[in-house]
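# A look at the structure
One letter stands for each residue in the lines below.
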Amino acid sequence: MIRPTRAHIDLAALQANFRAIVDYLHGDPLAAGGTSRPPGVIAVVKANAYGHGSARVGLALEAAGATMLACADIEEGVSLRQAGVRCEILVFGALSVSDLAGVFEAGLTPTVSSPSAGRALQAAAAARGVRLRCHLKIDTGMNRLGFRHDNLPRTLPPLLDSPNLEIVGVYTHLATADDPEDDLFGEQRLRFERALDVVTALGGRPHLRHAANSAALLRDSRLWYDLVRPGLLLYGLVPPPLAATLPLVPVLSLTSRIVAVKGVRAGERVGYGGRFRPDAPAKIAVVPAGYADGLDARLEGRGHVLVRGRRVPIVGSVCMDMLTIDVTGLPVEPGDEVVVLGAQGDGTLQRIDAREMAAAIGTIPYEILCRIGSRIERVYDGSPP
Ligand SMILES: *Cc1c(COP(=O)(O)O)cnc(C)c1O
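None of these values were measured; they are calculated from a predicted model.

## Notes on the overall build of the chain
- Within the chain one finds 11 helices and 19 strands.
- Its C-alpha atoms give the chain principal-axis dimensions of about 75 × 40 × 40 Å.
- Taking all 385 residues of the chain together, the buried fraction comes to 52%.
- Long-range pairs, those at least 24 residues apart, make up 66% of the contacts in the chain between residues at least 6 apart in sequence.
- Within the structure as shown, the chain displays about 16,900 Å² of accessible surface, and the carbon and sulfur contribution to it stands at 51%.

## Focus on unusual backbone geometry
- For the bond from P240 to P241, the omega torsion is 5°, close enough to zero to count as cis.
- Inspection of the secondary structure puts P241 in the loop between β10 (227-228) and β11 (252-257).
- Even without glycine at this site, A47 takes up a positive phi of about 50°.

## Quick word on the packing of aromatic side chains
- One pass over the structure, following the stated rule, counts five aromatic pairs.
- When the centroid spacing of 5.3 Å and the interplanar angle of 85° are considered together, the rings of F192 and Y225 count as edge-to-face. Of this pair, F192 sits in helix α8 (residues 184-201) while Y225 sits in the loop between α9 (214-219) and β10; the two residues are 33 residues apart in sequence, bridging distant segments of the chain.
- Look at F192 and you get buried, because its relative accessible area is 1%.

## Focus on the site of the ligand
- Around the ligand, the surrounding shell consists of V44, K46, Y50, F92, H173, N213, S214, R229, P230, G231, L232 and Y366.
- Between K46 and the ligand, the recorded distance is 2.6 Å, taken from a side-chain N or O atom to an oxygen atom.
- S214 has a polar side-chain atom sitting 2.5 Å from an oxygen atom of the ligand.

Thresholds applied
- Within each chain, residues carry numbers counting from 1 in the order of the written sequence.
- Per-residue local features are limited, in this predicted model, to residues with pLDDT of at least 70; the limit for side-chain atom pairs, both in listing and counting, is 80 or more; totals at the level of whole chains, interfaces and linings are taken over all residues.
- Side-chain numbers here rest on the full set of heavy atoms in the structure, without hydrogens or water.
- Secondary structure follows DSSP: runs of H or I at least 4 residues long count as helices, runs of E at least 2 residues long count as strands, and numbering of each begins at the N terminus.
- We call a residue buried when its accessible area falls under 20% of the maximum for its residue type, exposed when it is over 50%, and partly exposed in between, using a 1.4 Å probe and counting protein chains only.
- Residues are treated as being in contact if the distance between any of their heavy atoms lies within 4.5 Å.
- To be clear on the numbers: accessible area is Shrake-Rupley with a 1.4 Å probe, and residue cover counts the displayed protein chains and nothing else.
- A pair of Phe, Tyr and Trp rings is counted when the ring centres sit within 6.5 Å of each other, with Trp represented by its six-membered ring. The angle between the planes then sorts it: under 30 degrees is stacked, over 60 is edge-to-face, the rest tilted.
- Any residue with a heavy atom positioned within 4 Å of a molecule or strand is treated as near that molecule or strand.
- The term polar contact refers here to a pair of N or O atoms within 3.5 Å; inside protein, the definition further demands a hydrogen-donor-capable atom paired with an acceptor-capable atom, and it admits residues adjacent in sequence only when both atoms are side-chain atoms.

Following this line, the structure appears as structure tokens:
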């Protein structure tokens, strides 16, 4: 028997989102600092493709025309290669405590984000007698990974002189792209521009400049440069609080089935802690999905699901393997479909997306998607790669 709680991944929707992004990038001829060539797309598939499954998603995005894929670490890059991905794979993460062999064996493009990472990669490439393509990461104000933007004349020359490293790309990451009120966004762009000039003055010849995550891609075409790096947009969601300016469809839906229905009397208590206590007779349905499946305990009393085309509240404690919903007044039975994320209904479709669920519990849609548990089977439809 197959568990009734499943994630459906619509690969056709994923590829349509990719094309919607490409169309958007082709729509502004003044982008990328006046050059009229639209940027390429680095499709971000880190963290198991935001919970969607990196093997199928990576292949589908490669087939859709992604210039490059990007992942968090060497292990993720190796599994993309094992899945059969052939295009360039950029590794975002720091490599200082990693075994670098996978970079060479799987043909990955690492990020150099510190002088010591540069030295380690140079030594590893020299030992193998190869020249390794790398991207250089500049820290323009996020203060996480990267060479400090204001220190490059001191830190960069040894990297640029490394005979076995070819710095083909330079990038930065934006800390506040999703906050239109925050000045750091503009400041980071100016610092990146200056850093690019310094890299060139020091003799660097990187031809791939990139900075834009999903939010920056939507907000400012001056950040498009040669490549953009969307993640969330590919999966059909716009980073809050930004509004949707391109036609996207959420790729993942999460569905289950009601496994039990029960009447409770007025004043009776439901679930751990007995916190749900209806003051009139009520009908409760049990859904076999809980916090072990990534459904946050804070959804109690805050979240909704769809049953028979209606929104119904999650009531009582979210348990490890199940949750309870209030279906009072609805003709529901065991076996009825429950939509936790996605659309349901004939005629006017009701929809709950990860953005709504995140807002209900005070987190971000990224976390909702990435936390969908490993116990949940991913079922793929749409174009098989
Ligand atoms: C995750 C990530 C992205 C994609 O971010 P989204 O907000 O999902 O578009 C881009 N660049 C880097 C360096 C990242 O780590």
